[in-house]
Amino acid sequence: MASYIILNDHKPVSNPAGESMGLEIHAMTYQFSSDNFIDSTTFLELKIINRGDRIYNDFKSAMFVDFDLGGPEDDYVSVFPDKSTFFVMNGHNFDATLGSSIGFLENPPSMGIRSLNLNLIYGAMFPRSGTGLGLNPNVNTPANAEHVWNYLNGTWRDGSPFVQGVGYPNNPDTTYSLTNFAYLNNPYFGEGFDESLVYPADYRAYGAFENQLLGQSQEIQLDFALFMNRQGDYIDNMHGLYNYADSVLHFYNQNIVGQNCITGFSHIVNIQIPDAIIFPNPTQNHFFIQFQNMQPNLVRVYSMTGVLVHEQAVLGAENLVRIETGNLASGVYVVQVG
C-alpha cells in the first residue's frame, strides 16, 4: 500500500519563518505485507524538485521528528552514525500512560529512522520547552530560519558547537571535544545516558545529510525506513534496532532500488499503455485515444477524487476517439478504457 502527496513551499512558512526556495516536494509513504519485521516497517520517499530560478550549490536537507513513543515524557533520543540512523527508546522498562497518550507498559519498544540513500552527517536532540536537558535555552527548538541553518551545519541554534558528553558547551573554562552528534550514547554497550545531564523527557530530533547540488528543474531524492523492535526489555529493543538497520537497508537495495515499483506523478505525464495511446498529454480542450490491439465500447474520465466527469460510447469500427475536455476544470484526470 502507498499514500502519495504533493506540496510546495510557495506559501510562507510560519514556523520557523523563512522565504520560499521555489521547491516542490513529492512525498510517498509505502508498506509491504510480510511475515517478518518488514511488516511493521514504513518506507518514505521524498523527491525535492527545484521549480524556481535559483541554483543551490550546497543544498542541505534534514529529517525532523517529534518522537512520541507511547507516553512521550520519558523518552531518550540518540544516533547510530555508522548506520545513518537516529532512534528513540524509553527511558525505563515501563512506559506509563500519560493523559491521552497510551503507554506501552512493560518492555516498551524502540523505533528507528534510517536514511537509505544519503549519509547522515549531523544529528541532535532538543526537548520541548520546559522539559528535558535543562541546560542553556539555546538548545531548544529552532525558532527562525537562522536557527534552522545552524542546525543544518551541525551546531546548536545559537551557533555553539556540539560537544562530547554534555552536548552544549556551557562552561567557558572547560575544554571540550567536538562532535557531529550531540548526546551520542548506546546503553547496550555500557555507554549509558548520564541522567545528571540527559534524563528521560519529551524530545525532538533531527538528522542532517550530505550536501548536494540542486539546479533548476533538478530533483533530489531522499529515502527513509521507519522501523520498530520489541523482542525483549527496553535496552534489548534498542539494540535490536541497531541490527535491523542493516536488514532494512538490505531489503531496500534488493527489492526497491532500480525496480521501478515506485512511480511518482512527475514521471507519468507521457505514459503509454500497451493497447492504446493518449495524446496530447497534457491537453486543454480535447484529447485523442488511438486503439491499437483492442476494441473497447466505452471511455470514462474520472477526477482524482473518483468522480465520473465524462462518459462516451465507442463505435465498433472506431480506432481513434476524440474526447472533449473544454468543460473540465484544470487538473489531473484518470481515463478508463473498457
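All of the points below concern the structure found in this document.

Rules used in this analysis
- Residues numbered from 1 in each chain as written.
- Predicted model: local features only at pLDDT ≥ 70, side-chain atom pairs only at ≥ 80, totals over all residues.
- Heavy atoms only, no water.
- Helix = DSSP H or I, 4+ residues; strand = E, 2+ residues; numbered from the N terminus.
- Buried < 20%, exposed > 50% of the residue type's maximum accessible area, 1.4 Å probe, protein only.
- Contact = heavy atoms within 4.5 Å.
- Areas by Shrake-Rupley, 256 points an atom, 1.4 Å probe, with all protein chains shown as cover.
- Salt bridge = Lys/Arg side-chain N within 4 Å of Asp/Glu carboxyl O.
- 1 Å grid on protein atoms, 1.4 Å probe; cavity = no way out; pocket = protein on both sides within 12 Å on 5 of 7 lines; lining within 4 Å.
- Points joined across faces, edges and corners; volume = space filled by probe spheres on them.
- Nonpolar A, V, L, I, M, F, W, Y, C, P; charged D, E, K, R; others polar.
- Expected span 1.5 Å × (residues − 1).
- Bend = angle between axes of the 7 residues up to and from the residue.
- Polar contact = N/O pair within 3.5 Å; in protein donor to acceptor, adjacent residues only side chain to side chain.
- Phe/Tyr/Trp six-rings, centres within 6.5 Å; stacked < 30°, edge-to-face > 60°.
- Core = buried A, V, L, I, M, F, W, Y, C linked by side-chain atoms within 4.5 Å.
- Pairing = 2+ DSSP bridges.
- Axes fitted to C-alpha atoms, helices over the stretch in contact; angles between N-to-C directions.

On to the overall build of the protein chain. A count of helices and strands for the protein chain gives two helices and 22 strands. Scored against the burial criterion, the 338 residues of the protein chain give a buried share of 41%. Put simply, of all contacts in the protein chain between residues at least 6 apart along the chain, 64% involve residues at least 24 apart. Put simply, the protein chain shows about 17,700 Å² of open surface, and 50% of that area lies on carbon and sulfur atoms.

Turning next to the pattern of salt bridges. The tally for this structure, following the rule as stated, stands at eight salt bridges. A salt bridge links Asp246 to Lys83; the nearest nitrogen and oxygen atoms lie 2.5 Å apart. Of this pair, Asp246 sits in helix 2 (residues 234-255) while Lys83 sits in the loop between strand 8 (75-80) and strand 9 (85-90), placing them 163 residues apart in sequence. Overall, the relative accessible area of 38% leaves Asp246 in the partly exposed class. You can call Lys83 buried: its relative accessible area is 9%. Where salt bridges share partners, they join Lys83, Arg114 and Asp246 into one cluster.

Attention shifts here to empty space enclosed by the protein. Taken as a whole and judged by the stated rule, the model has one cavity of 30 Å³ or more. Empty space within the largest cavity amounts to approximately 30 Å³. Listing elements by their share of the lining of the largest cavity, those giving two or more residues are strand 8 and strand 13 (120-127). Of the residues that constitute the lining of the largest cavity, the class distribution is seven nonpolar, two polar and no charged.

A separate point is the environment of Glu219. Residue position: Glu219 is located in strand 16 (residues 219-229). Here Glu219 falls in the partly exposed class, since its relative accessible area comes to 36%.

Over its 22 residues, helix 2 extends 30 Å from the first C-alpha to the last, a length consistent with the 32 Å expected when each residue adds 1.5 Å. At Asn243, helix 2 shows its strongest bend, of approximately 30°. The complete set of buried residues in helix 2 reads Ile235, Asn237, Met238, His239, Gly240, Leu241, Tyr244, Ala245, Val248, Leu249, Phe251 and Tyr252. Looking at the packing, one finds that the buried side of helix 2 touches strand 5 (42-50), strand 8, strand 9, strand 12 (110-115) and strand 16. Measuring from the side-chain oxygen of the N-cap residue of helix 2 to the backbone nitrogen of Ile235 gives 3.1 Å; that N-cap residue is Asp233.

It is worth spelling out the packing of aromatic side chains at this point. What the rule picks out here adds up to 15 aromatic pairs. A ring pair is formed by Phe37 and Tyr244, whose centres lie 4.3 Å apart and whose planes are at 10°; its orientation type is stacked. One end of the pair, Phe37, is in the loop between strand 4 (23-30) and strand 5; the other, Tyr244, is in helix 2, with 207 residues separating them in the sequence. Exposure class is identical for Phe37 and Tyr244. Each is buried. Where Phe80 meets Phe87, the ring centres are 4.3 Å apart and the plane angle is 20°; that geometry is what we call stacked. A relative accessible area of 0% places Phe87 in the buried class.

Here we take up the nonpolar core. Proteins that are soluble and globular tend to have nonpolar side chains buried together. Counting residues in hydrophobic clusters, the biggest one holds 41 residues, and the most contacted among them are Phe67, Phe86, Trp156, Leu222 and Phe224. The element that contributes the greatest number of residues to this core is strand 14 (residues 203-209), accounting for five residues. Residues within four places of Phe224 in sequence aside, it is in contact with Thr42, Phe43, Leu44, Leu46, Met63, Ile113, Arg114, Ser115, Leu116 and Phe209. Counting 22 residues, the second largest nonpolar core, distinct from the first, contains Tyr76, Met89, Ile235 and Met238.

It is worth spelling out the sheet that holds strand 5 at this point. Spatial strand order, 1-4-5-16-12-9-8: seven strands in an open sheet with antiparallel pairing. The sheet is open, and its two edges are formed by strand 1 (2-8) and strand 8, each paired on a single side. Across this sheet, the average inter-strand angle for adjacent strands is 15°, counted without regard to direction. Alignment of strand 12 against strand 16, held across six bridges, turns out to be antiparallel. Each residue of the ladder has a partner; that of Ser110, found in strand 16, is Asn229. Running at roughly 140° to strand 16, helix 2 makes contact with strand 5, strand 8, strand 9, strand 12 and strand 16 of the sheet.

What follows is about the environment of Met125. Among the secondary structure elements, Met125 is positioned in strand 13. Taking the C-alpha atoms as reference, Met125 lies 7.3 Å from Ser78; in sequence the two are 47 residues apart.

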